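Structure assessment
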Amino acid sequence: MSNFIKNTEVDFIEQAILRMDEYLLKIEKCLDQLEEKDIWLRPNESSNSIGNQILHLGGNITQYIISSLGNEKDLRERDQEFNTRGGKSKSELYDKLYGVVREAKEVIRALDPDTFQKIRSVQGFELSGIGIVLHVVEHFSYHTGQIVFWTKMLRNIDLGF
């Protein structure tokens, strides 16, 4: 393998981890601004609460990275991520997400070139290891943006991002 390809893989991994850490910090800052009662509020019945978004992120990262790339059993109950209406505090939600992200980063750091190229089926999608990591990072970004927006709506504050 050429040094260019190896360095590109290392850079891709480090950039993916950097972005995941960045999104996690944004979610933490949002949670710091919110009261417990805010976590499970829904703007309407067609939308999800911040709590649902965090549960969903944890489920997605677990299924795509930890289960698929980490070769762990997939126990995800995706519908439950959206049907939950409470029962977890903001610190419980954050701690769970933090743990999932920490574990996912360990899996990503341990990837070898063959794992990056191997095609896997996740939720009916055929993706390479690179495609899986890319999906998780962009998905994390998308829902972090929703959490940031909902926090700004609830608190009418500039979060400084």
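This section reports on the structure supplied with the text. Given the structure is predicted, the values throughout are model-derived calculations rather than measurements.

Observations concerning the overall build of the chain
Counting secondary structure elements, the chain contains six helices and two strands. Whereas a compact globule of 161 residues would reach a radius of gyration of roughly 15 Å, the chain reaches 17 Å, a difference of no more than 12%. Expressed as lengths along the three principal axes of its C-alpha atoms, the size of the chain is roughly 50 × 35 × 25 Å. Scored against the burial criterion, the 161 residues of the chain give a buried share of 45%. For the chain, the share of sequence-separated contacts (at least 6 apart) that also reach a separation of at least 24 residues comes to 77%. For the chain, the separation between the mean place of its 20 positive charges and that of its 25 negative charges on side chains is 2 Å.

Section: the packing of helix α2 (residues 50–69) against helix α6 (residues 129–155)
Look at α2 against α6: their axes get within 10 Å of each other, and the N-to-C directions meet at 170 degrees. With respect to α6, the axis of α2 lies roughly antiparallel. Listed contacts from α6 to Ile50, Gln53, Ile54, His56, Leu57, Asn60, Ile61, Tyr64, Ile65, Ser68 and Leu69 of α2 are Gly129, Ile132, Val133, His135, Val136, His139, Phe140, His143, Gln146, Ile147, Trp150 and Thr151.

Re the environment of Tyr23
Here Tyr23 lies in helix α1 (residues 3–33). Along the primary structure Tyr23 and Leu111 are separated by 88 residues, whereas in three dimensions their C-alpha atoms are 22 Å apart. Contacts of Tyr23, omitting those with residues within four sequence positions, involve Val137, Phe140, Ser141 and Thr144.

Quick look at the packing of α2 against helix α4 (residues 90–109)
In the contact formed by α2 and α4, the axes pass within 9 Å of each other and the chain directions differ by 20 degrees. With respect to each other, α2 and α4 are oriented roughly parallel. The way α2 lies across α4 gives a crossing that is left-handed. Residues Gly51, Ile54, Leu55, Leu57, Gly58, Ile61, Thr62, Ile65, Ile66 and Leu69 of α2 form the contact with α4, whose participating residues are Leu93, Leu97, Val100, Val101, Glu103, Ala104, Val107 and Ile108. Of the residues that constitute the contact of α2 with α4, the class distribution is 14 nonpolar, three polar and one charged.

A few points about the pattern of salt bridges
What the rule picks out here adds up to eight salt bridges. Among the ionic pairs, Lys26 bridges to Glu22, the shortest N-O distance being 3.7 Å. Taken together, the positions of Lys26 and Glu22, both in helix α1 and four residues apart, correspond to about one turn of that helix. On the accessibility criterion, Glu22 (28% relative accessible area) is partly exposed. Of the charged contacts, one joins Arg85 and Glu45 as a salt bridge, the two residues approaching to 3.4 Å between their closest N and O atoms.

Describing the nonpolar core
Generally speaking, a soluble globular protein has its nonpolar side chains buried in company with each other. The biggest cluster of nonpolar side chains holds 41 residues, and the ones touching the most others in it are Met20, Ile61, Ile65 and Phe140. Elements with a minimum of two residues in this core: α1, α2, α4 and α6. If near-sequence neighbours (up to four positions away) are discounted, Met20 is found in contact with Ile61, Val101, Ala104, Ile108, Val136, Val137 and Phe140.

Rules used in this analysis
- Residues numbered from 1 in each chain as written.
- Predicted model: local features only at pLDDT ≥ 70, side-chain atom pairs only at ≥ 80, totals over all residues.
- Heavy atoms only, no water.
- Helix = DSSP H or I, 4+ residues; strand = E, 2+ residues; numbered from the N terminus.
- Rg over C-alpha atoms; globule rule 2.2 N^0.38 Å.
- Buried < 20%, exposed > 50% of the residue type's maximum accessible area, 1.4 Å probe, protein only.
- Contact = heavy atoms within 4.5 Å.
- Lys, Arg positive; Asp, Glu negative; His and termini not counted.
- Charge placed at Lys NZ, Arg CZ, Asp CG, Glu CD.
- Axes fitted to C-alpha atoms, helices over the stretch in contact; angles between N-to-C directions.
- Parallel < 35°, antiparallel > 145°, perpendicular 65-115°, else oblique.
- Left-handed = near helix turned anticlockwise from the far one by under 90°.
- Nonpolar A, V, L, I, M, F, W, Y, C, P; charged D, E, K, R; others polar.
- Salt bridge = Lys/Arg side-chain N within 4 Å of Asp/Glu carboxyl O.
- Core = buried A, V, L, I, M, F, W, Y, C linked by side-chain atoms within 4.5 Å.

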